[in-house]
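# Architecture and fold: a report
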Amino acid sequence: MQAHNSREAMIWRMDAAGVTSAPDWLAVEEPLEIRLACTRDGRREQKTLSITMRTPGDDFDLAVGFLLGEGVIRSCEAIADLRACGRPAPGSELRNVVRVELKPDVGVDWKRLERHFYTTSSCGVCGKTSLEALEVAGCPV
């Protein structure tokens, strides 16, 4: 997965002598949707587990660490496949969805993973249920 973790931008510094501009590097932040696929009642199903903000680059490690930290899996041996999916972010090939496919014998307690609380942040990402939910009229993700 190609990292797009920083970009160059012009910044302005202000001090007693006046204002100067210079190029600088800024960390990039993008939403990441973590989807989980597993077998339930003999059929495959997929659900979005989380949307979080991250600096792109180590998305697979982030997704696996999230699953381990939440107790969804006990080891990496439970994972059959990891892949970046979804449509590319505007102006790049960066994909903001990681799909984690569990082995057929690994079950998931979806009820335990449900979250029923209101979450907000200044950017409005936390608490959304899909990347599509981030779209505002006239402002595609």
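These numbers were taken from a predicted model, which means no experiment stands behind them.

Counting across every chain of the model gives seven salt bridges. Of the charged contacts, one joins arginine 54 and aspartate 59 as a salt bridge, the two residues approaching to 2.8 Å between their closest N and O atoms. Taken as a pair, arginine 54 and aspartate 59 share a single burial class, namely buried. Measuring nitrogen to oxygen at the nearest pair gives 2.5 Å for the salt bridge that ties arginine 99 to glutamate 101.

Turning to the environment of aspartate 15, a few remarks are in order. Along the polypeptide, aspartate 15 turns up in strand β1 (residues 6–15). In terms of polar contacts, aspartate 15 uses its side chain to reach the backbone amide nitrogen of alanine 17, at 2.9 Å.

What follows deals with the side chain of asparagine 96. Structurally, the position occupied by asparagine 96 is in strand β6 (residues 95–102). By relative accessible area, asparagine 96 is classed as buried at 4%. A polar side-chain atom of asparagine 96 sits 3.0 Å from a polar atom in the side chain of glutamate 30.

Three or more residues of helix α1 (residues 59–69) are buried, namely Asp59, Ala63, Val64 and Leu67. Looking straight down α1, one finds that the buried residues subtend no more than 130 degrees of arc, so they occupy a single side. Opposite the packed face of α1, turned more than 90 degrees from it, sit the exposed residues Asp61 and Gly69. On its buried face, α1 sits against β3 (30–40), β4 (43–54), β5 (79–88) and β6. Backbone geometry just after α1 places glycine 71 at a positive phi near 75 degrees.

Here glutamate 45 is to be found in strand β4. A polar contact is formed between the side chain of glutamate 45 and the side chain of tryptophan 110, at a distance of 2.6 Å. Residues in contact with glutamate 45, not counting those within four places in the same chain, are Leu36, Ala37, Cys38, Arg40 and Trp110.

Quick look at the environment of cysteine 85 now. Mapped onto the elements of the fold, cysteine 85 is located in strand β5. Overall, cysteine 85 belongs to the buried group, its relative accessible area being 16%. Residues cysteine 85 and arginine 99 lie 14 residues apart in sequence; the distance between their C-alpha atoms is 6.8 Å.

Reading the values: rules and limits
- Residues numbered from 1 in each chain as written.
- Predicted model: local features only at pLDDT ≥ 70, side-chain atom pairs only at ≥ 80, totals over all residues.
- Heavy atoms only, no water.
- Salt bridge = Lys/Arg side-chain N within 4 Å of Asp/Glu carboxyl O.
- Buried < 20%, exposed > 50% of the residue type's maximum accessible area, 1.4 Å probe, protein only.
- Helix = DSSP H or I, 4+ residues; strand = E, 2+ residues; numbered from the N terminus.
- Polar contact = N/O pair within 3.5 Å; in protein donor to acceptor, adjacent residues only side chain to side chain.
- Arc of directions from axis to C-beta.
- Contact = heavy atoms within 4.5 Å.

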